[in-house]
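Now for the letters of each chain:
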Amino acid sequence: MKAFGFPKSNRLLRPADYGKVFNDVQLKVPHRNFLILATPNTLGHARVGLIFSKKNLKLSVQRNRIKRQVRESFRHQTELPGLDVVVLGRQGLISLDNPTVRASMDDLWRRLRKKYTQSQPSRAAPSETPGRGTG
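Just so you know, these numbers come straight off a predicted model, no measurement behind them. (Residues numbered from 1 in each chain as written. Predicted model: local features only at pLDDT ≥ 70, side-chain atom pairs only at ≥ 80, totals over all residues. Heavy atoms only, no water.)

Colleague: I'd like to hear about the sheet that holds strand E3 (residues 47–51), residue by residue, with values.
Modeller: Read across the open sheet, the four strands follow the order E1-E2-E4-E3; overall the sheet is mixed. Each end of this open sheet is capped by a strand with a single partner; those strands are strand E1 (27–30) and E3. Averaged over all neighbouring strand pairs, the angle between strand axes comes to 15°, with direction disregarded. With five bridges joining them, E3 and strand E4 (residues 83–89) adopt parallel strand pairing. Directly across from Gly49, in E4, lies its bridge partner Val86. Where helix H2 (residues 60–75) meets the sheet, its contacts fall on strand E2 (34–40), E3 and E4, and the angle it forms with E3 comes to roughly 165°. (Pairing = 2+ DSSP bridges. Helix = DSSP H or I, 4+ residues; strand = E, 2+ residues; numbered from the N terminus. Axes fitted to C-alpha atoms, helices over the stretch in contact; angles between N-to-C directions. Contact = heavy atoms within 4.5 Å.)

Colleague: Explain the packing of aromatic side chains to me, and be specific about the residues and the numbers.
Modeller: For any two aromatic rings, the description comes down to two numbers: the centre-to-centre distance and the angle of the planes. Taken as a whole, this structure holds two aromatic pairs when the rule is applied. Seen in terms of ring centroids, Phe34 and Phe52 are 6.4 Å apart; in terms of plane orientation they differ by 90°. Their pairing is edge-to-face. With a gap of 18 residues between them, Phe34 in strand E2 and Phe52 in the loop between E3 and H2 connect regions that are remote in the sequence. For the residue pair Phe34 and Phe52, the accessibility class agrees, reading buried in each case. (Phe/Tyr/Trp six-rings, centres within 6.5 Å; stacked < 30°, edge-to-face > 60°. Buried < 20%, exposed > 50% of the residue type's maximum accessible area, 1.4 Å probe, protein only.)

Colleague: Outline the pairing of E2, listing residues and values.
Modeller: Across the seven residues that make up E2, a large majority, six, are buried. The pairing of E1 with E2 spans four bridges and is classified as antiparallel. In the sheet register, Val29 faces E2, and the bridge partner there is Ile36. As consecutive antiparallel partners, E1 and E2 are separated by three residues. In this sheet, E4 lies alongside E2 in antiparallel orientation, the contact comprising seven bridges. Within E4, the residue paired with Pro40 across the bridge is Leu83.

Put into structure tokens, the structure is as follows:
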């Protein structure tokens, strides 16, 4: 059961950690109610940071409920690559029930993995890029 823990090593803790993601966004996964921003890290495992404003979720119980759901969803993502991820909340979150939030987050994690794997070959082989399109 310890495999599903949520230690500090899996969280963005300092403002500098968040700043690194915001200043160097390499992956962006939009959704109607969420936005995921991510940048690769050198740690070999994913870390997550959460930003949910009072503007979108007025009461702290609402913000905490959504954060709990997002954290729980993140904990079960064992196949995420080494990324620093920031999850931002958008308007309309208050109307979502817990299963809908979890389903949305599971879809977002899947799309993030897909975008990451698609971006890797292009970084690994930049020499092929200039040859494309010159026909």
